[in-house]
Amino acid sequence: MIGNVLLVVKILVLIAILMTGFAYTMLVERRFLGFFQLRLGPNRVGPGGLLQPLADGLKMALKEDLMPNGADPMVYRIAPVLSLFAALSVDAVIPFGAPIHLFGQTINLDIANPSIGLLIAFAFSSLGIYGLVLGGWASQNKYSLLGGIRASAQMISYELAMGLSVLGVLMMAGTANLEHIVYAQQARGWFIIPQVIPFVIYFITAIAETNRTPFDLPEAESELVAGYHTEYSGIRFAMYIIAEYINMLTVSGLAVTLFLGGWLGPSFLPPILWFVIKVALLVFVFIWIRATYPRFRYDKLMSFGWKVLLPISFLYFLGTAAFVSGLL
Amino acid sequence: MATTESGMIDKETMIINLGPQHPSTHGVLRVRLELDGERVVNAEPVIGYLHTGFEKTAESLTYQQCNTITDRLDYLAPMTNNLAYVLAVEKLMNLEVPKRAQYIRVLFSELTRVASHLVWLGTHVMDLGAMSLFFYTMREREVILDLIEAAAGVRMNPSYFRVGGLAYDIPDGFHEKVHAFVKDFPRWMQSYRNLFEGNPLINERLQGISYVTQEQCLGLSVTGPNLRATGLALDLRKVEPYSAYEEFAFDVPLRTEGDAYARFWVRVDEIYESMKIIEQALDKITPHGAYTTSDRKVALPPREEIYGNMEALIHQFKLVTAGFPVPQGEVYQAVEGPRGEMGFYLVSDGGPKPYRWRARTPSFYNLQTLPIMSRDGLVADVITAIGSIDIMLGDVDK
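Cut-offs used in this document
- Within any chain, residue numbers begin from 1 and follow the written order of that chain's sequence.
- The lettering of chains begins at A and the numbering of ligands begins at 1, in the order of writing.
- Note on the predicted model: pLDDT of at least 70 is required for a residue's local features to be given, and 80 or more for side-chain atom pairs to be given and counted; whole-chain, interface and lining totals, by contrast, use all residues.
- Only hydrogens and water are set aside; all other atoms, that is, all heavy atoms of the structure, feed into the side-chain values.
- Under the scheme used here, helices are H or I runs from DSSP no shorter than 4 residues and strands are E runs no shorter than 2 residues, and both carry numbers assigned from the N terminus.
- With a 1.4 Å probe rolled over the protein chains alone, any residue whose accessible area is under 20% of its type maximum counts as buried; one over 50% counts as exposed, and the rest are partly exposed.
- By definition, residues are in contact when any of their heavy atoms lie within 4.5 Å.
- In short, DSSP must find at least two bridges between two strands for them to pair.
- Lines are fitted to the C-alpha atoms to define the axes, a helix being fitted only along its stretch in contact, and any angle between axes, read from their N-to-C directions, falls within 0 to 180 degrees.
- Pairing of aromatic rings covers Phe, Tyr and Trp, the last through its six-membered ring, and needs centres within 6.5 Å; plane angles under 30 degrees mean stacked, over 60 mean edge-to-face, and all others mean tilted.
- The criterion for a charge sitting over a ring is simple: Lys NZ or Arg CZ within 6 Å of the ring centre, and within 35 degrees of the ring normal.

> Mind laying out the environment of I271 of chain B, listing which residues take part and the relevant values?
All names here are of chain B. By the element assignment, I271 lies in helix α11 (residues 260-284). For I271, a relative accessible area of 0% translates into the label buried. Considered as a pair, I271 and A115 are 156 residues apart in the sequence and their alpha carbons are 8.9 Å apart. Apart from residues no more than four positions distant in its own chain, I271 is found in contact with V114, H117, L118, F185 and M189.

So, in structure tokens, the structure goes:
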């Protein structure tokens, strides 16, 4: 009983944290982009623009939810929900900090702690692409359709490399349980040191996973107007945006858990803060890249994924396998 | 899907209208794309959304008034349009312009060329997806607009060059301002180059993309950087010098590849050449001196003269109410604008208004290469092609 109550509380807290986290990631991104681009960014609503996310959220919620004639109503309505659902679900298995002891209970700072946590995380994060493909297809708009096609083309080009890039960590830790992976790093040092190339590959594919510059092909505003979400408005549009930003937090969280020691850090700060700091640093890199780089062309992305990222991560995976099994 | 009248799908291609409202068409260009997946089968520019009837309007304006129309053709490079027009009228009237005014014209022509190329650089790279550079180049363009404002009082549509010379003299302290700009500029330009030079993503998006041959360019009357990127050094400033350009030392940047990458670097190099000309022009321009012709039948008399001199008052009255007559005849005069050959063909029936006023605007001709460039490319390459042609819709549609 108490376990179930605790679970519901944890789910609600996690969703609340992710929603605020998304809102402020967006604000921070807009402010930083402003500074990169000789602008101020949003700074009018509240002190230093801190209430801007609230205003944006309110605006999005109150806008009319339009649906184009000829759109497939069912799929059109479900697609953004699917994206958001997938984005939120991944975070269920990420451990945000060391277990804490409260009222005689040991509370794990994650919602679920399955032994195949890593696989679940990847399964759910791949599910998110269906939201894009279906949304683009159901909109009955040619730009949306192209955006949807690009999303699926993009997915098949980075997913394999992404999966292979984390296999090394899996083998070194000897488990797919994310919490145990962090404990393994406590014993043997952060996995980024032996696995720096897979980390870079993971990060590149993570950018592709979240559809951000230079891999923002499905929405490519200078080519496809807004890509898959051209026709979306109001809260459904907001869902796509929320999913994109939560995805950004999620892939950063996964990167931190797998390569950067999760919540580990010197003890003068609580573990959960270390986790947040590491995620924030990775998110800053996301924003930095967005301010600097142009977009890939989608056929170039495919050949980059298949001909560069995949062989490198595969070779590194074989090398790690040989090392772990004692062949080297 | 393209469908026949009966609603049946007749082929596996998709027609998509890129524009007229689209973030990357630089105005109101509409491109009718025929796509096979994302591969472009055919791209057909549909123009006319910004048609303003300038040529017909000009026939009911005096020669001085027409000047304001030229600003609005290619509104990113108003000074070179002004120059082409006033040179044409001056040629028709056999009018001598003071050397100092000619140098100032060169100075401002090159300043607008730099400003125009900066806008192109920012928007082109933004079309490729890198958004920050746009803000940086706009900052530098702002400095140039400030310089134009200091001299002409207007930022965007200055009409600064007038038949016979200039509208006003350059203000006090103008040299220092331009010197400061010339001094700061290489540092800024280097900071932009750090963003795009050798960037593998930019190179990948430009190299070998939207290729066009020299023969195709010549066949379509393409001029300017687009032609020079195919290996033909046709620059009117060198070939048919006007406004004392023969006294300036500068190179014509040339590339032979004929792709978007070549056009990119021709324009970037041209910015540096223009800065060279600006420096030389500054040395030649004395702080004070004649800025317009002394012919009172063409140029307005100075204000103080009007109050004390009967003849000056009459001249002023005649020029403002009726304009000046231009001898019968026809003339074509072209200058090298930032986008290519900017020319005016004027026919005069001897009156104060042109009988025929025809603008040869470079973007109109340059745009015709879009179908050649985009064929068999991807949608992303169409955007690259539009950006690298450097079209200006005010210039295309007139």
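> Run through the sheet that holds strand β2 (residues 30-36) of chain B, naming residues and quoting values.
Pairing between sheet strands relies on hydrogen bonds along the backbone, with the strands arranged either parallel or antiparallel. Pairing is antiparallel in the open sheet, where 3 strands are placed in the order β1-β2-β3 (chain B). One side of each edge strand has no neighbouring strand; the edge strands of this open sheet are β1 (14-18) and β3 (39-46) of chain B. Taking the axes of each pair of neighbouring strands and ignoring which way they run, one obtains an average angle of 20 degrees across the sheet. Bridge count for β2 of chain B against β3 of chain B is 7 bridges, and the pairing is antiparallel. Within the sheet, the bridge partner assigned to R30 of chain B lies in β3 of chain B and is V46 of chain B. Sheet strands touched by helix α5 (residues 142-173) of chain A: β1 and β2 of chain B. Its angle to β1 of chain B, the strand with the most contacts, is close to 110 degrees.

> Summarise the sheet that holds strand β6 (residues 329-337) of chain B; cite the residues concerned and give the values.
Residue and element names in this part refer to chain B. Read from one edge of the open sheet, 3 strands run β6-β7-β8, paired in antiparallel fashion. Two strands in the sheet have a free side with no partner beyond their single neighbour: β6 and β8 (356-360). Direction aside, neighbouring strands of the sheet carry axes that sit 10 degrees apart on average. Here strand β7 (residues 340-348) runs beside β8; their pairing, made up of 5 bridges, is antiparallel. Note on β8: the bridge partner recorded for L346 is W357.

> Lay out unusual backbone geometry in plain terms, naming residues and giving numbers.
With a phi close to 60 degrees, L38 of chain A is a non-glycine residue in the positive phi region. Residue placement: L38 of chain A occurs in the loop between α1 (2-36) and α2 (52-62). Despite not being glycine, D376 of chain B has its phi angle at roughly 65 degrees, a positive value.

> Tell me what's going on with the packing of aromatic side chains, and back it up with residues and numbers.
A full pass over the atoms with the stated rule returns 33 aromatic pairs over all chains. Ring centres of F32 of chain A and F284 of chain A lie 5.1 Å apart, and the angle between their planes is 70 degrees; on these two criteria the pair is classed as edge-to-face. On the criterion of sequence distance, the pair formed by F32 of chain A in helix α1 and F284 of chain A in helix α10 (residues 271-292) is long-range, its members being 252 residues apart. On the basis of an interplanar angle of 85 degrees and a centroid distance of 6.1 Å, the ring pair of Y103 of chain B and F248 of chain B is categorised as edge-to-face. Here Y103 of chain B is found in helix α4 (residues 99-127), whereas its partner F248 of chain B is found in the loop between α10 (236-239) and α11, with 145 residues between them in sequence. Residues Y103 of chain B and F248 of chain B agree in their burial class; the two are buried. Chaining the aromatic ring pairs together yields one cluster made of F199, Y202, F203, F259 and F286 of chain A. Its end group placed over the ring of W188 of chain B, R187 of chain B keeps NZ or CZ at 5.2 Å from the ring centre. Lying over the aromatic face of W120 of chain B, R267 of chain B brings its terminal NZ or CZ to 5.1 Å of the ring centre.

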